[in-house]
Amino acid sequence: MTLVASPRVGARGAPTPAPSSKRRRRRGSLVAWAFLAPALILFTLFKFVPMARAIGMSFHEVRPYLGDRWVGTDNYREVVTNDAFLSAIGHTVVLAIGQTAGSIILGLILALLVEGQAKSLWFVRTAVFLPTVAAMAVVAEVWRILYYPAPDGAINSVLGWVGVGPSQFLNSQDTSLWSVMAVGIWRGAPYDMMIFIAGLAGVDRTLYEASSVDGASAWRRLWHVTLPSLRAVFAILFTLAAIRGMRVFTEIFLLTNGGPNGSTEVLMTLIYKLGLERNELGVAAAGSVVLLLSTVVLTLAVQSARARRGRR
Amino acid sequence: MRHDTALGFTELKGPLARTVRFVVYTALVLVFAGPLLALLVSAFSPVHDPTSLTLLPSRLTLDNFRAAIRRDVLTYLLNSFIVVGGGLLLQVLVSVSAAYALARKQFPGARLVFLLILSTMMLPEEILAIPLSLVLADVPVVHVNLVGSLVGMIVPVGAWAFSILVMSEFMREIPMELEEAARLDGAGDLRIFWSVVLPLCRPALGVIGIFGFTMIWDQYMLPLLVAQDAAQFTLPLALRSLRSDEQVGVGVLLAASLLALLPSVLAFLAFQRQFMRGLTSGAVKG
């Protein structure tokens, strides 16, 4: 998968140029840079320059027109001691873990239920997958309506049939974070399901035959044959979901905007408010750098754990 | 008994198994597609407040859409199409040309460039939001202000590592002999790239096309940073300002949301095979 693809640069079938063709090689490399130029310009302007500026700003008090003032690590101290930041970090971690685990477990169950060749299964899979394709903004607005906190709101009506509720969902600080998490799982599980289905297709069928000859039950087969074969899939899904969970923004921004009473404030919504509404650019930048570093560390940790296990 | 699936759930025979399956699948479809289906039905129904969301309409109406159009939804839709059209075109052109260099040329520094591009998959718009907003307001070197212009939503999406990765993996598989043959016939690099390599990449172009489309349509942070007033809102960004309407209530939001939902769903249904290939061959949405 992408994040783990070993970079094999240079065409596999490329003939090495003859030693006499030095000029041709130099020309070839000039051509290569010409083809790369648009990408390099865009990546530099919109990825690397912003990253460098985030790092620079994080050590300054940013004062437009007055010039920035060097403040050393003050901004970072603010990030790791400020209560708002600490609780935002807490919410982000809870949300990331909950959504990652929830999506993977539910995604696996879904995949096991709809694995197969029949045409009707294709229909079920496609229908289940739709939330993943829908724009996040649409998903958030639809769920705001579904979560309507009156007893005859959509979800409350369904809960009413089974004798639960009514709940305040997004409107109460006791349930808001869980309600947001449920939306994330609803949209994330179908994605994981599709990846699992692809993984399941790759499981060696002769192992199923063998375990069946041995008289193993379906559950034992699942535990001893299927799940171990999916180890790589788990690692990939974990990395992707964790990265995505850390930078969660749009759904919070639209569902609760951090409320009620800060109960769903995550790092990105806090950074957004600090940077673009309160103009505390330096502190916001420090928060971004912390988020970036955690993403990088998390990715590398999972990748190296994977690489050590099974060299693929 | 043959085992083709892990659980064997889909292979069980008999009326009981069939009934259980039917119930389970109906429940799954209702849970995951139900809310979107309710959106579809309710957008055409007189739904004034959130409690009247419905799957079975009492009467069909276009009032919600009329209200949405009165509230400039067509402008937002047009903005969205301009951004997705321009952004996708730029993204595909930039990606195929970069992939061509990385996959089929040998030059010093190639490995470093590849790793740098790959590393940006850990740098989504969200994390870079604050400095990105400053860069957009005053683009380095050229000193252009892209804030308040749709161009500001288009140009940054040109840098998309996923497409370069998918494209270059695909291009590596194309035999070098084809290129050599064209070169002997006197074709230059651009000619070879355009008429020999690209036509062979059609399957991969489908993959990066459909992924790029859904990714750009889903963009929220970038339009949020760039848009200064409603005239530049994309449809997903505008939803927040369309939550209620004097005449049709929440109906206006349902109509607008449906219009924001359909393009990505239809694109997915039309290019489902390419989408799945992208998902499984290296699916990273940022």
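Thresholds applied
- Residues numbered from 1 in each chain as written.
- Chains lettered and ligands numbered in written order.
- Predicted model: local features only at pLDDT ≥ 70, side-chain atom pairs only at ≥ 80, totals over all residues.
- Helix = DSSP H or I, 4+ residues; strand = E, 2+ residues; numbered from the N terminus.
- Rg over C-alpha atoms; globule rule 2.2 N^0.38 Å.
- Buried ≥ 20, exposed ≤ 12 C-beta atoms within 10 Å, placed from the backbone.
- Contact = placed C-beta atoms within 7 Å.
- UniProt positions renumbered as here; feature names shortened; annotations may be inferred.
- Domains from an automatic or database assignment.
- Axes fitted to C-alpha atoms, helices over the stretch in contact; angles between N-to-C directions.
- Left-handed = near helix turned anticlockwise from the far one by under 90°.
- pLDDT = per-residue confidence, 0-100.
- Core = buried A, V, L, I, M, F, W, Y, C linked by C-beta atoms within 7 Å.
- Expected span 1.5 Å × (residues − 1).
- Bend = angle between axes of the 7 residues up to and from the residue.

**Quick notes on the overall build of chain B**
Point 1. Helix and strand counts for chain B come out as 14 helices and zero strands.
Point 2. Reading the secondary structure of chain B in the N-to-C direction produces α-α-α-α-α-α-α-α-α-α-α-α-α-α.
Point 3. The C-alpha atoms of chain B give a radius of gyration of 24 Å, which is well past the 19 Å a tight globule of 286 residues would have.
Point 4. Put simply, chain B has 286 residues, and 49% of those count as buried.
Point 5. The contacts of chain B with a sequence gap of at least 6 include a subset with a gap of at least 24, amounting to 73%.

**Quick notes on the overall build of chain A**
Point 1. Across its full length, chain A holds 13 helices and two strands.
Point 2. Taking 20 Å as the expected radius of gyration for a compact globule of 312 residues, we find that chain A reaches 25 Å, considerably beyond that expectation.
Point 3. The principal-axis extents of the C-alpha atoms in chain A amount to approximately 65 × 60 × 30 Å.
Point 4. Relative to its 312 residues, chain A shows a buried fraction of 45%.
Point 5. For chain A, the proportion of contacts with a sequence separation of at least 24, taken over those separated by at least 6, is 67%.

**Quick look at the interface of chain B and chain A**
Point 1. Facing the 89 residues of chain B at the interface are 90 residues of chain A.
Point 2. Listing elements by their share of the side of chain B that touches chain A, those giving two or more residues are α1 (15-43), α3 (73-104), α4 (110-119), α5 (125-137), α7 (161-171), α10 (202-218), α13 (251-270) and α14 (272-282) of chain B.

**Considerations on the UniProt feature "transmembrane region" (unreviewed entry) in chain A**
Residues and elements named next belong to chain A.
Point 1. Annotation from UniProt places "transmembrane region" (unreviewed entry) at residues 30-49, 88-114, 126-146, 177-201, 222-243 and 281-302.
Point 2. The span residues 30-49 is 100% helical and 0% strand by assignment, and the distance between its end C-alpha atoms comes to 24 Å.
Point 3. The span residues 126-146 carries 90% helix and 0% strand; its end-to-end C-alpha distance comes to 22 Å.

**Structural notes on the UniProt feature "domain: ABC transmembrane type-1" (unreviewed entry) in chain A**
Point 1. According to UniProt, the positions carrying the feature "domain: ABC transmembrane type-1" (unreviewed entry) are residues 89-302 of chain A.
Point 2. Counting secondary structure, residues 89-302 of chain A comes out at 76% helix and 0% strand; the distance between its end C-alpha atoms is 21 Å.

**Quick word on the domain arrangement of chain B**
Accessible area lost on assembly of the parts is the figure often given for the size of an interface.
Residues and elements named next belong to chain B.
Point 1. For chain B, the assigned domains read domain 1 (9-65) and domain 2 (73-282).
Point 2. Here domain 1 and domain 2 have C-alpha centroids that lie 33 Å from each other.
Point 3. Counting residues per element, the ones that place at least two in the side of domain 1 that touches domain 2 are α1 and α2 (63-70).
Point 4. The biggest single contributor to the side of domain 1 that touches domain 2 is α1, with five residues.

**Remarks on the UniProt feature "transmembrane region" (unreviewed entry) in chain B**
Residues and elements named next belong to chain B.
Point 1. On the UniProt side, "transmembrane region" (unreviewed entry) is annotated at positions that read residues 22-44, 76-100, 112-134, 146-171, 192-217 and 248-271 here.
Point 2. Helix and strand shares over residues 76-100 are 100% and 0% respectively, and the end C-alpha atoms of the span are 36 Å apart.
Point 3. Across residues 192-217 one finds 96% helix and 0% strand; the C-alpha atoms that close the span lie 32 Å apart.

**So, the packing of helix α3 (residues 83-114) of chain A against helix α10 (residues 231-246) of chain A**
Residues and elements named next belong to chain A.
Point 1. Where α3 meets α10, the closest approach of the two axes is 9 Å, and the angle between their N-to-C directions is 145°. Between α3 and α10 lies a crossing whose hand is right-handed. Across the interface between the two elements, Thr92, Leu95, Ala96, Gln99, Thr100, Ser103 and Ile104 from α3 touch Phe234, Leu237, Phe238, Ala241, Ala242, Gly245 and Met246 from α10.

**Some remarks on the UniProt feature "domain: ABC transmembrane type-1" (unreviewed entry) in chain B**
Point 1. Annotation from UniProt places "domain: ABC transmembrane type-1" (unreviewed entry) at residues 77-271 of chain B.
Point 2. Annotated as 69% helix and 0% strand, the span residues 77-271 of chain B places its first and last C-alpha atoms 21 Å apart.

**Some details on the confidence of the model for chain A**
Point 1. With 92% of its residues at a pLDDT of 70 or more, chain A shows a mean pLDDT of 84.
Point 2. Note on residues 1-17 of chain A: pLDDT is under 50 here. Beyond four places in sequence and across chains, it has 38 contacts.

**Focus: the nonpolar core**
Residue and element names in this part refer to chain B.
Point 1. In this structure, Met167 and Ala256 are the most contacted members of the largest nonpolar core, which totals 188 residues.
Point 2. If you count residues domain by domain, this core takes at least three from each of domain 1 (9-65) and domain 2 (73-282).
Point 3. Excluding residues that lie within four positions of it along the chain, alanine 256 makes contacts with Ala68, Val73, Leu235, Ala238, Leu239 and Leu242.

**Remarks on α13(B)**
Point 1. End to end, α13(B) covers 28 Å across 20 residues, agreeing with the expected 28 Å (1.5 Å per residue, within 8%).
Point 2. Along α13(B), the helix axis deviates most sharply at B:Leu262, where the bend reaches about 30°; the proline B:Pro263 sits within four residues downstream.

**Brief notes about unusual backbone geometry**
All names here are of chain A.
Point 1. Residue asparagine 261 is not a glycine yet carries a positive backbone phi of 60°.
Point 2. Here asparagine 261 lies in the loop between α11 (250-255) and α12 (267-277).
Point 3. Among the residues examined, asparagine 261 registers 10 C-beta atoms within 10 Å and is labelled exposed.
Point 4. At asparagine 279, a position not held by glycine, the phi torsion is positive, near 60°.
Point 5. Summarising the element assignment, asparagine 279 is placed in the loop between α12 and α13 (281-309).

**What to know about the environment of A:Leu159**
Residue and element names in this part refer to chain A.
Point 1. Inspection of the secondary structure assignment puts leucine 159 in helix α6 (residues 154-161).
Point 2. We classify leucine 159 as partly exposed; it has 15 C-beta atoms within 10 Å.
Point 3. In sequence terms leucine 159 and arginine 144 are 15 residues apart; their C-alpha atoms lie 16 Å from each other.

**Points about the confidence of the model for chain B**
Point 1. For chain B, the average pLDDT comes to 89, and 97% of its residues sit at 70 or higher.
Point 2. As a predicted assembly, this complex carries a pTM of 0.88 together with an ipTM value of 0.91.

**Focus on helix α1 (residues 22-57) of chain A**
Point 1. Over its 36 residues, α1(A) extends only 45 Å from the first C-alpha to the last, a length that falls short of the 52 Å expected when each residue adds 1.5 Å.
Point 2. The sharpest bend along α1(A) measures roughly 45° and falls at A:Leu36, with the proline A:Pro38 sitting one to four residues further on.

**Some details on the environment of A:Val124**
Point 1. Mapped onto the fold, A:Val124 is located in helix α4 (residues 119-133).
Point 2. Sequence separation of A:Val124 and A:Val114 is 10 residues, and the distance between their C-alpha atoms is 7.4 Å.

**Let's talk about the environment of B:Arg70**
Point 1. With respect to the element layout, B:Arg70 can be found in helix α2.
Point 2. For the pair formed by B:Arg70 and B:Val252, sequence separation is 182 residues and the distance between their alpha carbons is 9.8 Å.

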